[in-house]
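Structure at a glance
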Amino acid sequence: MTFAQRYQAPWWLPGGNAQTLWAALCARRHWGPAPTWQRQRWTTPDSDFIDVDTAQHASAPDAPLLVLFHGLEGSSASQYAVAFADFAASQGMAFAVPHFRGCSGELNLAPRAYHSGDFDEIDWVLRRFAAEHPGRPLLAAGVSLGGNALLRWAGEMGHSAAGTVRAVAAVCSPLDLAAGGRAIGRGFNRLVYTRMFLSSMVPKALKKLEQHPGLFDREALLAARDLYEFDNLFTAPLHGFRDTDDYWARASAKPVLRDIRVPALALNALNDPFVPAASLPTTADAGSHVTLWQPAEGGHVGYPVSLGPLGLPGHVRTMPEAVGRWLIQQLPPDAPSALPPQGAALAARQSRFRGAL
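What you see is a predicted model, and the numbers here were worked out from it, not measured in a lab. (Residues numbered from 1 in each chain as written. Predicted model: local features only at pLDDT ≥ 70, side-chain atom pairs only at ≥ 80, totals over all residues. Heavy atoms only, no water.)

Next up on the list: the nonpolar core. Core analysis: the biggest nonpolar cluster contains 56 residues, and Phe-69, Leu-126, Phe-129, Leu-151, Trp-153 and Val-168 have the highest contact counts within it. When residues no more than four places from it in sequence are discounted, the contact partners of Leu-151 are Val-168, Ala-170, Leu-175, Ala-253, Val-256, Leu-257, Ile-260, Ala-264 and Ala-266. Core analysis: the second largest hydrophobic core is formed by 36 residues, Ala-55, Ala-81, Ala-141 and Val-171 among them. (Core = buried A, V, L, I, M, F, W, Y, C linked by side-chain atoms within 4.5 Å. Buried < 20%, exposed > 50% of the residue type's maximum accessible area, 1.4 Å probe, protein only. Contact = heavy atoms within 4.5 Å.)

As structure tokens, then:
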């Protein structure tokens, strides 16, 4: 039975919004110690930089490396990144979170930021990880925006992607960006999520304007009230797109899913408030290399599970466990074990918490 078939949200969290918000704000994220990070700054090919956080837990030199691309305005501190780091530690896997430009707490230098279809950046990042860790099988996952960019990369690369990664996974990604953009710009989504995103995106854009005067119309950006308007003024023109419609059409991963030639997973809850169920890919859209998990519940990067006798506060370790194990299963049978003795001991100590997994 797959995760999509067995996942059931707690009875006390009905609906996609509750499952999204509780998971982000209240749920437990890790069983072991909270991850500690070592940060490296990588100089990009265009003389800018990104910051890469690597989790400082033990892993064998030949154990897999799991790379996680975060979502819109996310970071290594996001609840899903912490949960994935905890899963990786329990399996003895190396784990890293490369930050998209401007998302590590320090504004990047170039007259650009990041976007949902930035597969050239994904390609450079993954190739550098592969070059720096030639003894480790490389696995990659992306959440929301990061997942769309990752699957777009896999589709664009076709057969050549297998020379860099063994498998990829996208979690709660708006693979049809236009459908997701329309959804987040309406009703409750507009009042809550759009305001939340713009509260950090607009100040960063204004700082970018200070770096590069004349880059865009400041007053028009201050008047933007949804992501469509923001992308039209900032994201699209800074990254070579004509406008928002052109950006959303050309950056979406859904049209290239059939071109993917490495094992790929796309996980989307049918009640995700950001990603309309009608926009999700079907098996006909996906092609033979893509596995679709589409559970009825889970929200947007939520998938909370009850914890303890009363169910509260719940935890968010089930989804990373399921996605991470799927990725591990795509490794060849003769691949080194991901779980060294110390990892096995940690997993045994944590097993009492995992009744819902």
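Next comes the rest of the write-up.
Now for helix 3 (residues 79-91). For helix 3, spanning 13 residues, the distance from its first C-alpha to its last is 19 Å, which sits close to the expected 18 Å at 1.5 Å a residue. Downstream of helix 3 by one or two residues, Gly-92 has phi in the positive range, about 70°. (Helix = DSSP H or I, 4+ residues; strand = E, 2+ residues; numbered from the N terminus. Expected span 1.5 Å × (residues − 1).)

So, about the side chain of Thr-20. Within the secondary structure, Thr-20 is located in helix 2 (residues 16-25). Among the polar contacts made by the side chain of Thr-20, one reaches the main-chain amide nitrogen of His-300 at a distance of 2.7 Å. Excluding residues that lie within four positions of it along the chain, Thr-20 makes contacts with Tyr-193, Pro-273, Gly-299 and His-300. (Polar contact = N/O pair within 3.5 Å; in protein donor to acceptor, adjacent residues only side chain to side chain.)

What follows deals with the side chain of Ser-144. With respect to the helices and strands, Ser-144 occurs in the loop between strand 5 (138-143) and helix 5 (145-157). What Ser-144 contacts, discounting residues up to four positions off in sequence, is Gly-71, Val-171, Cys-172, Ser-173, Pro-174 and His-300.

Once that is clear, we can look at the pairing of strand 5. Judged by how many residues are buried, strand 5 sits mostly within the fold: six of six residues are covered. Alternating positions in strand 5 separate into two faces, Leu-138, Ala-140 and Gly-142 on one and Leu-139, Ala-141 and Val-143 on the other, with burial throughout.

On to the pairing of strand 2 (residues 49-55), then. Side-chain positions along a regular strand alternate between the two faces of the sheet. Across the seven residues that make up strand 2, a large majority, six, are buried. Note: strand 1 (residues 37-43) against strand 2, seven bridges, orientation antiparallel. Each residue of the ladder has a partner; that of Arg-39, found in strand 2, is Asp-53. Between strand 1 and strand 2, which pair antiparallel one after the other, the connecting turn spans five residues, and Ser-47 there sits at a positive phi close to 65°. With three bridges connecting them, strand 2 and strand 4 (residues 94-98) associate as antiparallel partners. Its bridge partner lying in strand 4, Val-52 is registered against Pro-98. (Pairing = 2+ DSSP bridges.)

Another aspect to go through is unusual backbone geometry. Even without being a glycine, Glu-73 presents a positive backbone phi close to 60°. By the element assignment, Glu-73 lies in the loop between strand 3 (65-69) and helix 3. A positive phi angle is found at Val-301, which is not glycine, with a value near 50°. Relative to the helices and strands, Val-301 resides in the loop between strand 8 (290-293) and helix 12 (318-329). For Val-301, a relative accessible area of 6% translates into the label buried.

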